[in-house]
Structure formats: structure tokens, C-alpha cells
Amino acid sequence: MFNLEKSISEWQQQMLTVGIKTPVPLEELETHLREEIEQQIKSGLSEPEALKIGIQKIGQGPILQDEFKKVRKDGQLKRTGQQIIRSIALIIGWLAGGYLLSYAFFVLKMDWNLFWFRAKWNQETIFAVSMILMAETSFWFLAKTSRDRGSRVVSLLVCLLLAGTGLFSALPPEPLSGGWLRRSMPSPFWYRGGVTCLSCLPSLFWAWWELRRFAHERDSSYEDQPMRSN
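The present account deals with the structure reproduced in this document. Please read these numbers as outputs of a predicted model, since none were measured by experiment.

About the cut-offs
Residues numbered from 1 in each chain as written. Predicted model: local features only at pLDDT ≥ 70, side-chain atom pairs only at ≥ 80, totals over all residues. Heavy atoms only, no water. Patch = residues over 30% accessible without salt bridge, like charges linked within 9 Å, V, L, I, M, F, W, Y side chains within 5 Å. Areas by Shrake-Rupley, 256 points an atom, 1.4 Å probe, with all protein chains shown as cover. Salt bridge = Lys/Arg side-chain N within 4 Å of Asp/Glu carboxyl O. Lys, Arg positive; Asp, Glu negative; His and termini not counted. Charge placed at Lys NZ, Arg CZ, Asp CG, Glu CD. Helix = DSSP H or I, 4+ residues; strand = E, 2+ residues; numbered from the N terminus. Buried < 20%, exposed > 50% of the residue type's maximum accessible area, 1.4 Å probe, protein only. Phe/Tyr/Trp six-rings, centres within 6.5 Å; stacked < 30°, edge-to-face > 60°.

Right, let's talk about a positive patch on the surface for a bit. Taken together, the side chains of Arg-86, Lys-144, Arg-147 and Arg-212 present a region of like positive charge at the surface. Mapping Arg-147 onto the fold places it in the loop between helix 5 (123–145) and helix 6 (149–169).

Shown next, in the form of C-alpha cells:
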């Protein structure tokens, strides 16, 4: 005697055999199959005939397997394209942030420390400080979101370049020889030290998020390992 539920279970087993193992697509296919069977039975067909027509409309196992392969391939290509776009955007963000911070220091140096040091608050100073705050904030979020290899390499290079520039800025500004190039009022240590700290801050952000990412990956690998019996 024909058993509809048994036949549907056999069809499900066939779907699992051809590789459709994700629960959600299989459940959706079963729902569509049952709806089609019910519609065919209401039109006057027997259960075996309704099942046969339902399977024909939905598709046989190999056909569905090819369709799912195409869907998975398209999804992988889409994700790869999104990852490339995201990586390019992060690289541009790191380069733009490095340029913004360097330009802010240049504006501050031209206004405060060109031939002699004179701290003053004017429009140029406010502009430079605003750019420094924007750049440092962007570095925090860029370091947090940079996970792919390309953006991480570029971010490391930008951080090292800024840190090297900052360490160079910490050196005493007075020239060794005399003459008209000698500064009448050299820049104080707090100014040079502040520029150095702000230049090295992106490296600290980068190191912080890299350590957090490394710790998270290590904990995840430990959780994935099977427990060994004593």
C-alpha cells in the first residue's frame, strides 16, 4: 500500500544523498512539495501521481544539486567581491588618516614652530587640532575593523611610518652650527613629546586590536578542539 509520508522521507533521503544538507533549504523544498501534492490531490489525482508530479516540478536530486552549487558559487563570488571592496575602502581609510594626521602636524609646526616656538590659539591651531582628533578617532575604528591581510599590512606600514616620524620629532630641534638658522626660542619638550605620543597612538590602537583578535582566535581554536579523555 502506498505510504505518502514514507515516500516523502525517501525523497528527503535522496536530497541528503546528493548533498543538500542545509536544513533550511531542505525544509523549504519539503514545504513546496507538500503544497504541490495537496494541490494535485484536490485536482483529482491519486497520492502516487501527485507525488510524482510534485517531484517533477520541484526537480530531481541531481538537478537540485547543480542549482544549489550555482547558488553557492554565486554567493561565494558575491562575498569575495564585497571583501575586496571592503579591503580597498579600509586601505584608503588608513592612507587618508595617515595623510590627515601628518598634514595636521605640518600646519601646527608652520604656525607654532617655524623658526622659533610660539604657542598660540588661532584659526590654524583649531583647524590642526580638529584634524588630529578626526584622524585619531578614525584610526581606532580602522584598527578595529581591519581583519583582511591587505588592510592589515597597509595599516602596519602607516602606523610604523607615523611612529617613526613621531620619534624623529622628539629629537632636540636646535641646529649644531651657529648662524641665522639658530633658533632664538626652541620648542619645549612637552610640544615635541605631545607630537610623538600622538604619532605613536595609531600603533597602540593597532597593537591593541591585533592582540584582542589573536586572543579571540586562540580561544576559538581551543573551543573547537575535542576534549581529551584522561
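To continue, consider the environment of Met-15. Position of Met-15 among the secondary structure elements: in helix 1 (residues 4–18). On the accessibility criterion, Met-15 (0% relative accessible area) is buried. Sequence separation between Met-15 and Leu-29 is 14 residues; the distance between their C-alpha atoms is 9.6 Å.

It is worth spelling out the packing of aromatic side chains at this point. Summed over all chains, the structure comprises twelve aromatic pairs. Here Trp-140 and Phe-205 contribute two aromatic rings whose centre-to-centre distance is 5.2 Å and whose plane-to-plane angle is 85 degrees, an arrangement assigned as edge-to-face. Pair noted here: Trp-140 is in helix 5 and Phe-205 is in helix 7 (residues 189–224), with a separation of 65 residues, a long-range link. Assessed through its relative accessible area of 31%, Trp-140 is described here as partly exposed. Judged by relative accessible area, which is 14%, Phe-205 ranks as buried. Ring plane angle 65 degrees and centroid distance 5.2 Å describe the contact between Trp-140 and Trp-209, whose orientation is recorded as edge-to-face. Of this pair, Trp-140 sits in helix 5 while Trp-209 sits in helix 7, and the two are 69 residues apart along the sequence.

Together, Tyr-99, Tyr-103, Phe-106, Met-110, Leu-114, Phe-115, Trp-116 and Phe-127 line one region of the surface with nonpolar side chains, adding up to about 870 Å² of accessible area. The element best represented in the nonpolar patch is helix 4 (residues 61–112), accounting for four residues. Note on placement: Phe-127 falls in helix 5.

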